Amino acid sequence: MGNLVPFLVQWGLTSLSLWVASYLFSGLRFADGGSLLIAALLLGFANAVVKPLLILFTLPLTVLTMGLFLLVVNALVLMLVSAVVSGFTISGFWTAFFASIFISLFSLFISGILF
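Residues numbered from 1 in each chain as written. Predicted model: local features only at pLDDT ≥ 70, side-chain atom pairs only at ≥ 80, totals over all residues. Heavy atoms only, no water.

The protein chain carries the name Membrane protein in an unreviewed UniProt entry, which gives Polynucleobacter duraquae as its organism.

What follows is the structure in structure tokens.
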């Protein structure tokens, strides 16, 4: 039970970030609340499992670009989630790129306020 509360809080923060991003970016849409919650859950899983693997595989490119390629990795993870979750659509790479930056910063800001 001790680990459930932080998990639910993080899931809620991710859901809130995705919801706000869907209002700011016209190319990011959710069909309903269920697809939003599933996308947030899967985004958390992808950030925990898939993203570290992508970072490992793209490490030379990340070092060469002084870390800027991590922004591309974030966008690709968001696009992967949208490809898997029905009802969650992203219009293109640049929407995913800027939305992933917003989602990261917004989540960081809200986490800083709450914790």
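Enquirer: Explain the layout of surface pockets here, please?
Expert: Left-over empty space is what a probe sized like a water molecule reveals as it rolls over the atoms. Space inside the largest pocket adds up to approximately 400 Å³. Going through the elements one at a time, helix H1 (4–24), helix H2 (33–48), helix H5 (69–84) and helix H6 (93–114) are the ones with two or more residues in the lining of the largest pocket. Classifying every residue of the lining of the largest pocket gives 10 nonpolar, 9 polar and 1 charged. (1 Å grid on protein atoms, 1.4 Å probe; cavity = no way out; pocket = protein on both sides within 12 Å on 5 of 7 lines; lining within 4 Å. Points joined across faces, edges and corners; volume = space filled by probe spheres on them. Helix = DSSP H or I, 4+ residues; strand = E, 2+ residues; numbered from the N terminus. Nonpolar A, V, L, I, M, F, W, Y, C, P; charged D, E, K, R; others polar.)

Enquirer: Please explain the UniProt feature "transmembrane region" (unreviewed entry) in the protein chain as it appears in this structure.
Expert: UniProt records the feature "transmembrane region" (unreviewed entry) at residues 6–25, 37–57, 63–85 and 92–114, using the numbering of this structure. Secondary structure content for residues 37–57 is 95% helix and 0% strand, while the C-alpha to C-alpha distance between its ends is 29 Å. For residues 92–114, helix accounts for 96% and strand for 0%, while the C-alpha atoms at its two ends are 32 Å apart. (UniProt positions renumbered as here; feature names shortened; annotations may be inferred.)

Enquirer: Mind showing me how you'd approach the packing of aromatic side chains here?
Expert: To describe a pair of aromatic rings, you give the distance between the ring centres and the angle between the ring planes. Considering all chains together, one arrives at 10 aromatic pairs under this definition. Pairing Phe93 with Trp94 gives two aromatic rings, centres 5.1 Å apart and planes at 75 degrees, and the pair type is edge-to-face. Look at Trp94 and you get exposed, because its relative accessible area is 56%. Considering the side-chain rings of Phe97 and Phe98, the 5.1 Å spacing of their centres and the 85 degrees angle between planes classify their relative orientation as edge-to-face. Residue classification places Phe97 among the buried residues on the basis of a relative accessible area of 12%. Residue Phe98 is classed as partly exposed on the basis of its relative accessible area of 44%. (Phe/Tyr/Trp six-rings, centres within 6.5 Å; stacked < 30°, edge-to-face > 60°. Buried < 20%, exposed > 50% of the residue type's maximum accessible area, 1.4 Å probe, protein only.)

Enquirer: Help me understand the environment of Gly34 in this model?
Expert: Within the secondary structure, Gly34 is located in helix H2. Spatially, the C-alpha atoms of Gly34 and Ile101 are 23 Å apart, while their sequence positions differ by 67 residues.

Enquirer: What should I look at first to understand the packing of H2 against helix H3 (residues 50–57) in this one?
Expert: In helix packing, the relevant descriptors are the interaxial angle and the interaxial distance, both defined with respect to the helix axes. It is the contact of H2 with H3, at a shortest axis distance of 3 Å, that shows an interaxial angle of 35 degrees. Touching Phe45, Ala46, Asn47 and Ala48 of H2 are Val50, Lys51 and Pro52, all from H3. Residue composition of the contact of H2 with H3, grouped by class: 5 nonpolar, 1 polar and 1 charged. (Axes fitted to C-alpha atoms, helices over the stretch in contact; angles between N-to-C directions. Contact = heavy atoms within 4.5 Å.)

Enquirer: Even after reading the chapter, I still don't get the nonpolar core, so can you show me in this structure?
Expert: Generally speaking, a soluble globular protein has its nonpolar side chains buried in company with each other. The biggest cluster of nonpolar side chains holds 23 residues, and the ones touching the most others in it are Leu18, Leu28, Phe30, Ala39, Leu78, Val81 and Phe88. Of all elements in the fold, only H1, strand E1 (28–30), H2, H5, strand E2 (88–90) and H6 reach the threshold of two or more residues within this core. No other element matches the 6 residues that H5 contributes to this core. Excluding residues within four positions of it along the chain, Ala39 makes contact with Leu18, Phe30, Val81, Val85 and Phe88. (Core = buried A, V, L, I, M, F, W, Y, C linked by side-chain atoms within 4.5 Å.)

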